[in-house]
Amino acid sequence: MSREFPRLGPELETAIFKIVQESLTNVFRHAEARRAEVRLEEQDGRVFVCIADNGKGIAQHLEELQTGSYGIGITGIKQRVEELGGQLVFRNTAPGTTVEVRIPAKSARGQSVVGRLS
Ligand SMILES: Nc1ncnc2c1ncn2[C@@H]1O[C@H](COP(=O)(O)OP(=O)(O)OP(=O)(O)O)[C@@H](O)[C@H]1O
Ligand SMILES: [Mg+2]
């Protein structure tokens, strides 16, 4: 089934762009991967973003997002996701790393922004 992906509003679209940009920069700089995949889905009022690579993976302390185990890049991703009321999960997928982000498709002002196909 294919249909047009809805516009999500500038705040959410910018956040998703920055999250994917930082995650792909991390794949390039750290993963030693041969392959990376980005998925973007909208389902039941939530946006799901997934950046997966088949590289060397991440250590457990990073997977658990323990404070102090990551740098400015992941801090930025975490802040954006939290500001938008979403969840961030890092998985060591052996081989590789997967970053999963789920964000409610509502703006911080509480307006529904899903389905606006402008
Ligand atoms: N896809 C990945 N594969 C392997 N290791 C990763 C991956 N993404 C992140 N990491 C590890 O997580 C660490 C923290 O990432 P983070 O983006 O916070 O900082 P950084 O990339 O080192 O520096 P910067 O603050 O410039 O982004 C990295 O140094 C790296 O060790
Ligand atoms: Mg980084």
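So, here's what we can say about the structure.

Conventions used here
- Residues numbered from 1 in each chain as written.
- Chains lettered and ligands numbered in written order.
- Predicted model: local features only at pLDDT ≥ 70, side-chain atom pairs only at ≥ 80, totals over all residues.
- Heavy atoms only, no water.
- Near = heavy atom within 4 Å.
- Polar contact = N/O pair within 3.5 Å; in protein donor to acceptor, adjacent residues only side chain to side chain.
- Areas by Shrake-Rupley, 256 points an atom, 1.4 Å probe, with all protein chains shown as cover.
- Helix = DSSP H or I, 4+ residues; strand = E, 2+ residues; numbered from the N terminus.
- Nonpolar A, V, L, I, M, F, W, Y, C, P; charged D, E, K, R; others polar.
- Expected span 1.5 Å × (residues − 1).
- Contact = heavy atoms within 4.5 Å.
- Donors = N, O, S within 2.8 Å, 3.2 Å for Na, K, Ca; no water.
- Buried < 20%, exposed > 50% of the residue type's maximum accessible area, 1.4 Å probe, protein only.

## Re the site of ligand 1
Working step 1: Around ligand 1 sit 16 residues, and of these Asn-26, His-30, Asp-53, Gly-71 and Ile-74 come closest.
Working step 2: In the model, an oxygen atom of ligand 1 is placed 3.1 Å from a nitrogen or oxygen of the Ile-72 main chain.
Working step 3: Contact with the protein chains covers 77% of the free accessible surface of ligand 1, which is 600 Å².
Working step 4: Mapped by element, the contributors of at least two residues to the shell around ligand 1 are helix H1 (10–31) and helix H3 (72–83).
Working step 5: Examining the composition of the shell around ligand 1, we find that six residues originate from one element, H1, more than from any other.
Working step 6: A breakdown of the residues in the shell around ligand 1 according to their chemical character gives seven nonpolar, six polar and three charged.

## Here we look at H1
Working step 1: Relative to the 32 Å expected for 22 residues at 1.5 Å per residue, H1 spans 30 Å between its end C-alpha atoms, a close match to the ideal helical length.
Working step 2: Turning to H1, the residues buried within the fold contact strand E1 (36–43), strand E2 (46–53), H3 and strand E4 (97–104).

## Regarding the coordination of the magnesium ion (ligand 2)
When a metal carries six donors in an octahedron, the ideal angles between them are 90 or 180 degrees, while four donors in a tetrahedron ideally lie at 109.5 degrees.
Working step 1: Within the first shell, the magnesium ion (ligand 2) binds the protein through Glu-22 (OE) and Asn-26 (OD1), at distances of 2.1 to 2.2 Å. Taken together, the positions of Glu-22 and Asn-26, both in helix H1 and four residues apart, correspond to about one turn of that helix.
Working step 2: Taking the relative accessible area as the measure of exposure, Glu-22 reaches 22% and is therefore partly exposed.
Working step 3: With a relative accessible area of 18%, Asn-26 lands in the buried category.

## With respect to unusual backbone geometry
Working step 1: Following Ala-94, the chain continues to Pro-95 via a peptide bond in cis, the omega torsion being 10°.
Working step 2: In this structure, Pro-95 sits in the loop between strand E3 (87–92) and E4.
Working step 3: Located in the positive-phi region is Glu-32, a residue other than glycine, with phi close to 55°.
Working step 4: On the accessibility criterion, Glu-32 (65% relative accessible area) is exposed.
Working step 5: Backbone geometry places Asp-44, a non-glycine residue, at a positive phi of 50°.
Working step 6: Structurally, Asp-44 is set in the loop between E1 and E2.

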